[in-house]
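Per-entry structural report
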Amino acid sequence: MSYILEGHVEEYIKNLLREEEPFEKELRNYAIKYHIPILDQESTMFLRFFLNVLKPKRVLELGTAIGYSALVMCKIVPELEEIITVELREDMYRLAKDNIKKANVNKIKVLNMDALEALDLVEGPFDFIFIDAAKGQYKKYFKKSEKLLSKDGVILCDNVLFRGMISNPSLVKRRKITIVKRLRTFLYEIFQDPKWDTTLVPLGDGMLLARRNYEEG
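Keep in mind that this is a model prediction, so the values were computed, not measured.

What follows is about the overall build of the chain. Helix and strand counts for the chain stand at 8 helices and 7 strands. For a compact globule of 217 residues, the expected C-alpha radius of gyration is about 17 Å, and the chain comes in at 17 Å, within 12% of that figure. For the chain, the spread of C-alpha atoms along the three principal axes comes to 45 × 40 × 30 Å. Out of the 217 residues in the chain, the part that is buried amounts to 49%. Here the chain displays about 11,900 Å² of accessible surface, and carbon together with sulfur accounts for 52% of that area. Across the chain, the centroid of the 35 positively charged side chains sits 4 Å from that of the 33 negatively charged ones.

This is how it looks when you write it as structure tokens:
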């Protein structure tokens, strides 16, 4: 359950989707079994469409998990030259490396380190930056990502509606209050910043897309 869409709407969209390819389905089933968060099917559908339009050459991903989204992005954009993906947890890093090897994909480089540290080390520019790491750090991730983004690049932040807690105070769990406050601040500031064109897609757990607004100089 996404907490974003009405249940009947979410179910209707899911029924429209094509069945995933065997290896993608295998990864999804593994993630479900072991409670590992990966892109849901509706968000994956959106990503397929969007990246087919953007056609990025270089991608930076913060939050690899088991490598599902990185592998999907490689398949979506055959022209893609490189994905650098960052994962803090060593167990996830090893799983991702194994899955990428099984898929026989050589365009993905996985870094086992903190995302904020990685943002100071990697070299841009990147045409697409996908942020899906610690939600309480999104403001810091975004700020550091700016300098790495190509002229017409796009930053996508996943899970920004945070299981509906951002818009519905009754859903906020006590241990999540700080994260919710930080996400609300981040979203408000980025939407009010004239340097960025932004939109929020209410699929999955909410996706923020941002691109520089050159009309504002």
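What follows continues from the structure just given.
With that settled, the discussion passes to the packing of aromatic side chains. Between two aromatic rings, the relevant description is the distance of the centres plus the angle of the planes. Here the structure, examined in full by the defined rule, presents 8 aromatic pairs. Seen in terms of ring centroids, phenylalanine 46 and phenylalanine 50 are 6.0 Å apart; in terms of plane orientation they differ by 10°. Their pairing is stacked. Separated by 4 residues within a single helix, phenylalanine 46 and phenylalanine 50 lie in helix α3 (residues 41-54), roughly one turn from each other. Exposure remark for phenylalanine 50: the relative accessible area of 17% places this residue in the buried category. Each ring, one from tyrosine 138 and one from tyrosine 141, has its centre 6.2 Å from the other, and the planes form 50°; the classification is tilted. In this pair, tyrosine 138 and tyrosine 141 are both assigned in helix α7 (residues 138-146), 3 residues apart and thus about one turn of the helix distant. There is no split in this pair, since tyrosine 138 and tyrosine 141 are both buried. One aromatic cluster is present, built from ring pairs that chain together Tyr138, Tyr141, Phe142, Phe186 and Trp196.

The rules behind these values
- Residues numbered from 1 in each chain as written.
- Predicted model: local features only at pLDDT ≥ 70, side-chain atom pairs only at ≥ 80, totals over all residues.
- Heavy atoms only, no water.
- Helix = DSSP H or I, 4+ residues; strand = E, 2+ residues; numbered from the N terminus.
- Rg over C-alpha atoms; globule rule 2.2 N^0.38 Å.
- Buried < 20%, exposed > 50% of the residue type's maximum accessible area, 1.4 Å probe, protein only.
- Areas by Shrake-Rupley, 256 points an atom, 1.4 Å probe, with all protein chains shown as cover.
- Lys, Arg positive; Asp, Glu negative; His and termini not counted.
- Charge placed at Lys NZ, Arg CZ, Asp CG, Glu CD.
- Phe/Tyr/Trp six-rings, centres within 6.5 Å; stacked < 30°, edge-to-face > 60°.

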